[in-house]
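Next come the chains, spelled out residue by residue.
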Amino acid sequence: MSKRLIELNNISKSFNGNLVLDELDLYIRENEFLTLLGPSGCGKTTTLRIIGGFETPDTGSVMFNGTDITSLPPNKRQLNTVFQKYALFTHMNIEDNIAFGLKIKGKSDKYIKDKIEYALRLVNLEGYGKRMPDSLSGGQQQRIAIARAIVNEPKVLLLDEPLGALDLKLRQDMQYELIRLKEELGITFVYVTHDQEEALTMSDTIVVMNQGYIQQIGTPEDIYNEPENAFVADFIGDSNIIDGIMLQDELVMFLGTKFPCVDTGFGTNKPVDVVIRPEDVILSPPERGSLNGVVTHLIFKGVHYEMEVQAGGYEWLVHSTTMYPVGAEVGLSVDPFNIQIMNKPASEDEEAVSIEE
Amino acid sequence: MKNRLSSSLKRLYIALIFIFLYAPIVTLIVLSFNASRTRAKWGGFTFKWYVSLFSNRDIMGALYTTLMIALISSAVATVMGVLTCIGLRFMRPGTRSFILGVTNIPMLNADIVTGISLMLLFLSMGMRFGFGTILLSHITFNIPYVILSIMPRMKNLNMSVYEAAMDLGASPMYAFIKVVMPELLPGILSGFLLAFTMSLDDFIITHFTKGAGIDTLSTKIYTEVKKGIKPEMYALSTIIFVTVLILLILVNKPDKNNKAKENTPSPIVIP
Amino acid sequence: MKNKKDRTKLMSGPYLFWALAFIIIPLCMIFYYGLTDRSGAFTMQNIMSIATAEHSKALWLSIGLSLIATLICLLLGYPLAAILARMKNRSGIIVFIFILPMWMNFLLRTLAWQTLLEKTGVINSVLAALNLPSINIINTSYAIVLGMVYNFLPFMVLPLYNSLTRIDDNVLNAAADLGANGVQTFLKITLPLTIPGIISGITMVFVPALTTFVISKLLGGSKILLIGNVIEEQFTQTGNWHLGSGLSIVLMVFIIFNMVISAVFDKNGEGNVL
């Protein structure tokens, strides 16, 4: 793997007595697309603002390329930010917006002109240079905000929920656009979002955060398939999270039924959380599954049917391409490989404990 | 370190502005306790002006006129302002901005010009200068403040709540009172208070539209300037000021976020 | 439905009548009086009399003093508005700065400066106690400017404050992010974005300062005449309404010029006081 470009060590930050980040440790590699993902108030934006230099942490240090930049003001940092709601300068035209950072640095007119042209081409907005920001659509303003940041050739681009204000279709288009940009520029992206789909689509690494703690760091596949705790499982996609007891290695009991699984090392007779994705529940005619149940709700979702099945005293969420009508008796089974076992938190608090690799 | 320095500089700056704004007010309050009749020298502490104030017919009469003018003119202006805003909503944008432009005139124009223009009007109509002419003038310069306080709320008003109320069976009048009024109320209240304050503090327009034999506090003070202000006037001003100060503190204290925003006369408090 | 809409429109009726009778017609009366003589015949004499030595001196002095007062208000008010806009719990302070002083009568407030500024007044006593030289500005143009700044400073701060609070924090952050230091951010971002507020503030201070007759009377002694004093005398002492109206028309040229400028710079009403 490439080297660590940014390191956050032991970062804590509170606002008016509210602890927003608690002893956070995180590193970001060169050329990585890293996403900070979590619900609002989880500390993801604060983390980004600390990297950008808009907040100073109460404790801890921020290292950039081996040097401590904790107290360096934003205008001295080699990174640029794309802000929520774009923060374009409404009194300047597009060209002047893009040229802002370059003029401050005292670049030559020729250089600036070339850069503007290059940046506008990069974000597919050639010919928009003389327009005012207000006359552009949300998606176009977003691209200008990105162009304004990247002409400064930052080592890292910080993006704070940049697609939050766009509608769904545009958001999906922009996701591909951002991936393309990242490839072309070959720089590090640090991306903040609360949208799990966005995170899964674009990231190399996802950092799931909640209540100021990092819950899990991993590739999109890791995070989706092997959530480390109930919070991550619940936040990333829909899940059936069921109380269970790990009887021994590779055997778990829940809802009064024993299921073989692939997890080991939990000890014997240990209470655990069992996570099963709705698409991993296999429906069959009754008596052919491990559990019997009755379909209580049915919705057609296009790609699949979403069903709720009452079985073993639990309301299962099931995604299936085969339709069973409401009231039908079905059998449920799960491939051992798709049963995810997680330790129960010892207390409510521990649900938010940082789990570092 | 740098932050602490700049924040204490800021505090110092605000403090200096406060001293600048309040030094005259403190001076007046001190003068109201001055036993000497002239403001030039301090003659010891006394409460006597506060007592003699209430037997001073001139001052009490001017106070009565001032309050009546302020109360009636701001009430009439508020009623007319609310009706106007509702009507404006249904007009074509062009007509609306023309009317709002005319409304802006008394606010942007110089008071002396407004005062003179009204004086000429009353003269040419052969009206007797007195309570009536003052009242008409005050209503005229108060309406713009009311309209400009209500209009922003009117613009933001979601008409579908009104339609929803009617959809649920309310009569238009009932829907208006139950649904639209509560939305406008903060604007109406602040408009009324602003108009009241403006009317109370006005001197110039009253100066040109009043007749002999009637005075508001402002014009009374103006005529006293040459002979020397009666200390009772300082006492009265202090009473008014302290009353408003206490009211403002009461309104601001218990529920800082809501009440302060809704009740203070200045809509700028509504971010 | 159409009928109902028309009926609702009628609710503006009383005010439209009022505005015609008490705003538009009175202004027309000024023009009528200003452009006629006592016999009712058309004349430019009233307006041209601004060129006489006495009147033009008063006008130039008014323009000079009100420009100085406006500039001082801008220089004092901008930092104040900027500090207020950055404060968290500001509603209280704003009320105390802008609303509360209005409840102490305008004339008394201004008169109090006499007591403060007099040769043996409060300020000089304090200065003497500190062994500093005394200031003698009462009954001079300086005192008039001070009175203008004192009375109209809030009108400058309010629109500035409104346009400053309208700037998104992230726009300033973006400028810093792109390498601008504090001064650069102020000059390239904050200042241009607050131009509507600045223009509106200048208008709000310049017009009343230009036209005042009270402040000059209370703080300037009887020797200093501003154009406002000249006009006021025509109405309350000389009784020459035609001349007073003519001079008012001259004054209105400045006021209208001011309004046009503020309308051009402030299309969205951003700098409105309200």
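Residues numbered from 1 in each chain as written. Chains lettered and ligands numbered in written order. Predicted model: local features only at pLDDT ≥ 70, side-chain atom pairs only at ≥ 80, totals over all residues. Heavy atoms only, no water.

**Q** Would you explain helix 9 (residues 169–177) of chain C in this entry?
**A** Helical geometry: 3.6 residues make up each α-helical turn, so side chains three or four residues apart lie on a common side. All names here are of chain C. Counting buried positions along helix 9 yields eight of nine residues, so the element is predominantly enclosed. Of the positions making up helix 9, those classed as buried are Asn170, Val171, Leu172, Asn173, Ala174, Ala175, Ala176 and Asp177. The N-capping residue of helix 9, defined by a side-chain oxygen 3.1 Å from the backbone nitrogen of asparagine 170, is aspartate 168. Following helix 9 by one or two positions, glycine 179 has its phi on the positive side, about 105°. (Buried < 20%, exposed > 50% of the residue type's maximum accessible area, 1.4 Å probe, protein only. Helix = DSSP H or I, 4+ residues; strand = E, 2+ residues; numbered from the N terminus. Polar contact = N/O pair within 3.5 Å; in protein donor to acceptor, adjacent residues only side chain to side chain.)

**Q** Got a minute to help me understand the sheet that holds strand 3 (residues 33–37) of chain A in this structure?
**A** Strands in a sheet are paired, the pairing made by backbone hydrogen bonds, and the direction either parallel or antiparallel. All names here are of chain A. If you walk across this open sheet you meet the six strands as 6-7-8-3-9-10, and the pairing is mixed. Where the open sheet ends on each side, the last strands, each with one partner, are strand 6 (79–82) and strand 10 (213–218). Sheet twist, expressed as the average angle between the axes of neighbouring strands with direction ignored, equals 20°. Bridge count for strand 3 against strand 8 (residues 188–193) is five bridges, and the pairing is parallel. By the bridge assignment for strand 8, leucine 34 is matched with valine 190. Its contacts with the sheet place helix 1 (residues 44–52) against strand 3, strand 6, strand 7 (156–160), strand 8 and strand 9 (205–210), and it is angled at close to 145° to strand 7. Sitting on the sheet, helix 4 (residues 138–150) is in contact with strand 6 and strand 7, with an inclination near 170° to strand 6. (Pairing = 2+ DSSP bridges. Axes fitted to C-alpha atoms, helices over the stretch in contact; angles between N-to-C directions. Contact = heavy atoms within 4.5 Å.)

**Q** Before we go on, may I ask you to explain the interface of chain A and chain C in this structure?
**A** Put simply, an interface is often sized by how much accessible area is lost when its parts join up. Taken together, the contact pairs 22 residues of chain A with 16 residues of chain C. Linking chain A with chain C are zero salt bridges, by the criterion used here. Broken down by secondary-structure element, the contributors of at least two residues to the side of chain A that touches chain C are strand 6, helix 2 (94–104) and helix 4 of chain A. (Salt bridge = Lys/Arg side-chain N within 4 Å of Asp/Glu carboxyl O.)

**Q** What is the right way to look at the arrangement of the chains in this model?
**A** A comparison of contact numbers over the two pairs of chains in contact places chains B and C at the top. Nothing in chain A touches chain B; the tightest C-alpha to C-alpha distance between them is still 12 Å.

**Q** Even after reading the chapter, I still don't get the interface of chain B and chain C, so can you show me in this structure?
**A** Residue-level contacts link 86 residues of chain B with 82 residues of chain C. Counting the surface lost from both chain B and chain C, the interface buries some 7900 Å², and carbon and sulfur atoms represent 81% of this. Counting across the interface, chain B meets chain C through one salt bridge. One salt bridge connects aspartate 201 of chain B with arginine 109 of chain C, and the closest N-O pair in it is separated by 3.0 Å. Seen at the junction of chain B and chain C, the total is 11 residue pairs in polar contact (both at pLDDT 80 or more). When residues in the side of chain B that touches chain C are grouped by element, the largest group, 15 residues, is from helix 1 (residues 2–31) of chain B. Among the residues making up the side of chain B that touches chain C, the classes are represented as 67 nonpolar, 15 polar and four charged. (Buried area = accessible area lost by both parts, 1.4 Å probe. Nonpolar A, V, L, I, M, F, W, Y, C, P; charged D, E, K, R; others polar.)

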